Amino acid sequence: MTSAILVTGGAGYVGSHTVTTLLEKQSDNPEFEIVVVDNLANAYKAGGQKKPEPLRIIEELTKKTIHFYELDISDREGLSRIFETHNIECVIHFAALKAVGESVEKPLEYYQANITGTCTLLEVMRKYGVYKLVYSSSCTVYGEPTRLPIDEGHETGRSLTSPYGKSKYFCEEIMKDLCTSDKKWKVISLRYFNPVGAHRSGRIGEDPAGVPNNLMPFIAQVAVGRLKELLVFGNDYPTVDGTGVRDYIHVEDLAEGHVKAVKLFQHPGFSGFHAVNLGTGTGYSVLQMIAAFHKASGREIPYRIVGRRAGDIAANYADVALSHRLLAWRATRTLDDMCADTWRWQSNNPSGYKTS
């Protein structure tokens with residue numbers, strides 16, 4: 001039976017780009033199947049279609065087949081059937097709720113989805129003897145940083161400002177304990193900074209449900225005319241211009257980091273839990289991002305300053321030395337690339353996937 005990689009949340013933003021990159025990196029003779037599980041909480045499926053729109057488009061672009069199951073990872077029996085049907089060798093785990101601000105308003109939903117769902121997935125993996133996991137984590141596990149840039153040795157779990165960040169931290173702690181208890185486990189926790197951009201084809205991108213919680217899709221929707229103005233949450237932070245500073249990374253660079261992580265499992269000496277930052281090492285403010293997107297799109301970006309948002313911090317950007325050393329990976333795409341690719345996606349798809 002052909003080996004398979006299970007991708008949870010694979011129809012979402014980062015998940016769909018990672019699935020694309022996994023398939024693009026394959027040779028003409030596929031080395032593995034791609035199996036995607038997604039509950040479609042944040043992915044669009046057109047009426048009458050068997051697969052969500054991102055996966056349908058990926059199959060068109062790559063000329064390869066994706067096995068898709070509409071399923072929540074808390075469904076133990078459903079997950080078990082998938083492991084019985086496919087020869088799963090490793091799992092890339094994206095499935096989670098992910099908005100910092102929303103998590104402050106809906107903590108129970110975030111803990112249920114992100115922690116309980118992850119525990120169910122880990123239990124099913126153990127049941128079927130699958131011990132290799134790439135985990136979609138976040139720089140929010142560092143909380144309010146005590147130093148910049150943030151390296152992996154920075155304390156985690158202290159001064160966390162949102163249930164989202166806490167859920168990622170708790171899941172990492174669970175995985176650390178699992179690796180300590182059983183040496184068969186191999187876990188790479190990729191701590192993302194701020195994914196932005198879109199696939200270079202302009203056909204796959206970020207399409208959040210409702211009003212975007214993240215900066216770049218908000219800017220893009222204002223530029224394309226879907227939203228009237230951008231809300232800038234706070235201009236009194238101790239930063240270059242008073243607005244929040246973040247380390248933005250192109251989603252295709254991020255996807256390539258996952259491919260590198262999967263390859264690391266092939267090294268015979270690799271074991272245990274490893275956390276790795278994925279970022280560029282450079283921070284940009286909200287106003288700098290607005291200016292860069294204006295340059296890429298030629299559109300004015302009306303914005304209004306409002307109060308700070310619960311859970312936000314002033315600045316964070318990554319120390320990325322470990323990713324260079326352990327994964328042999330580094331981000332190569334620039335801020336101009338991020339903005340240009342986002343605009344190509346949004347201008348080609350003004351209503352997101354519903355356009356296509």
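Just so you know, these numbers come straight off a predicted model, no measurement behind them.

What counts, and at which threshold
Residues numbered from 1 in each chain as written. Predicted model: local features only at pLDDT ≥ 70, side-chain atom pairs only at ≥ 80, totals over all residues. Heavy atoms only, no water. Axes fitted to C-alpha atoms, helices over the stretch in contact; angles between N-to-C directions. Helix = DSSP H or I, 4+ residues; strand = E, 2+ residues; numbered from the N terminus. Parallel < 35°, antiparallel > 145°, perpendicular 65-115°, else oblique. Left-handed = near helix turned anticlockwise from the far one by under 90°. Contact = heavy atoms within 4.5 Å. Nonpolar A, V, L, I, M, F, W, Y, C, P; charged D, E, K, R; others polar. Pairing = 2+ DSSP bridges. Disulfide = S-S within 2.5 Å. Buried < 20%, exposed > 50% of the residue type's maximum accessible area, 1.4 Å probe, protein only. Salt bridge = Lys/Arg side-chain N within 4 Å of Asp/Glu carboxyl O.

Undergrad: How should the packing of helix H7 (residues 215–224) against helix H11 (residues 335–348) be read in this particular structure?
TA: The relative placement of two packed helices comes down to the angle between their axes together with the axis-to-axis distance. It is at 10 Å that the axes of H7 and H11 come closest, and there the two elements cross at 55°. One element, H7, and the other, H11, form an angle in the oblique class. Both H7 and H11 take part in a crossing whose hand is right-handed. Residue-level contacts link Met-216, Pro-217, Ala-220, Gln-221, Ala-223 and Val-224 of H7 to Met-338, Cys-339, Thr-342, Trp-343, Gln-346 and Ser-347 of H11. When grouped by side-chain class, the residues that make up the contact of H7 with H11 number eight nonpolar, four polar and no charged.

Undergrad: How should the sheet that holds strand S2 (residues 33–38) be read in this particular structure?
TA: Strand pairing in a sheet is mediated by backbone hydrogen bonds. Such pairs are either parallel or antiparallel. The strand order across the open sheet formed by seven strands is S3-S2-S1-S4-S5-S6-S11, and the pairing between neighbours is parallel. Both outer strands of the open sheet, strand S3 (66–70) and strand S11 (272–278), are each paired with one neighbouring strand and no more. Each strand of the sheet is rotated relative to its neighbour by a mean of 20°, with strand direction disregarded. Contacts between helix H1 (residues 13–24) and the sheet are confined to strand S1 (3–8), S2, S3, strand S4 (87–93) and strand S6 (186–192), with S2 contributing the most and set at about 175° to the helix. Together, strand S5 (132–138), S6 and S11 form the strand contacts of helix H6 (residues 163–181), whose direction differs from that of S5 by roughly 155°.

Undergrad: Looking at this structure, how should I read the state of the cysteines?
TA: A disulfide bridge is the covalent bond that connects two cysteines by way of their sulfur atoms. This model, assessed by the stated rule, comprises zero disulfides. Sulfur of Cys-90: no disulfide; nearest cysteine sulfur belongs to Cys-179 and is 14 Å away. Residue classification places Cys-90 among the buried residues on the basis of a relative accessible area of 4%. Distance from the sulfur of Cys-171, which forms no disulfide, to the nearest cysteine sulfur (Cys-119) is 6.5 Å.

Undergrad: Is there a simple way to explain the pattern of salt bridges in this structure?
TA: Should their charged atoms come close, side chains of opposite charge can pair. Going through the model one piece at a time under the given rule, you end up with 22 salt bridges. Among the ionic pairs, Glu-173 bridges to Lys-176, the shortest N-O distance being 3.0 Å. Here Glu-173 and its partner Lys-176 are both found in helix H6, three residues apart, which amounts to about one turn of the helix. When its relative accessible area of 25% is taken as the criterion, Glu-173 is described as partly exposed. What emerges from the salt-bridge pattern is a single network uniting Glu-24, Arg-200, Glu-252, Asp-253, Glu-256 and Arg-333.

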